[in-house]
Amino acid sequence: MPRALDAVRPIEYRRLVWLERSLHRELGRMYRRFIALGPGSTINGTPVEAVDPTMLTTEVEGASARLAFEELHYELRRPAEVPPS
């Protein structure tokens with residue numbers, strides 16, 4: 001019977017510090033909106049900071065990026081459920 005951990009690819013980092021730095025960067029990028037809203041997460045006691053690659057929420061010398069176009073909004077509808085035959 002295969003175990004769940006057998007499918008996990010091996011860690012490519014030779015030092016724990018490299019893995020920790022990568023986790024901080026990637027988790028901060030992926031969950032930046034949630035981190036900015038409230039209490040964040042920590043890795044080995046160090047808080048994960050939000051990383052905004054789009055620079056929309058990050059200020060550099062008092063300026064930040066802005067969208068070049070209006071935000072797009074979509075309405076999604078689910079089709080009516082079909083009764084089982």
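Right, let's walk through the structure included here. (Residues numbered from 1 in each chain as written. Predicted model: local features only at pLDDT ≥ 70, side-chain atom pairs only at ≥ 80, totals over all residues. Heavy atoms only, no water.)

## Some remarks on the side chain of H24
(1) Moving on: Assignment of secondary structure puts H24 in helix α1 (residues 16-30).
(2) Moving on: In this structure H24 comes out as buried when scored by relative accessible area, which is 15%.
(3) Moving on: Dropping the residues within four chain positions of it, H24 is found in contact with I43, T46, P47 and V48. (Helix = DSSP H or I, 4+ residues; strand = E, 2+ residues; numbered from the N terminus. Buried < 20%, exposed > 50% of the residue type's maximum accessible area, 1.4 Å probe, protein only. Contact = heavy atoms within 4.5 Å.)

## Looking at a nonpolar patch on the surface
(1) Moving on: On the surface, M30, Y31, F34 and L37 cluster together into a nonpolar patch covering about 510 Å² of accessible area.
(2) Moving on: By the element assignment, M30 lies in helix α1. (Patch = residues over 30% accessible without salt bridge, like charges linked within 9 Å, V, L, I, M, F, W, Y side chains within 5 Å. Areas by Shrake-Rupley, 256 points an atom, 1.4 Å probe, with all protein chains shown as cover. Salt bridge = Lys/Arg side-chain N within 4 Å of Asp/Glu carboxyl O.)

## Some words on the environment of T57
(1) Moving on: Here T57 lies in the segment after β2 (46-47).
(2) Moving on: Spatially, the C-alpha atoms of T57 and R33 are 9.7 Å apart, while their sequence positions differ by 24 residues.

## A short note on α1
(1) Moving on: Under the 1.5 Å per step criterion, the end-to-end length of α1 is 21 Å for 15 residues, consistent within 8% with the ideal 21 Å.
(2) Moving on: S22, H24 and G28 are the residues of α1 that are buried. Down the axis of α1, the smallest arc covering the buried residues is 155°, so these residues share one side.
(3) Moving on: Looking at the packing, one finds that the buried side of α1 touches α2 (32-37), β1 (42-43) and β2. (Expected span 1.5 Å × (residues − 1). Arc of directions from axis to C-beta.)

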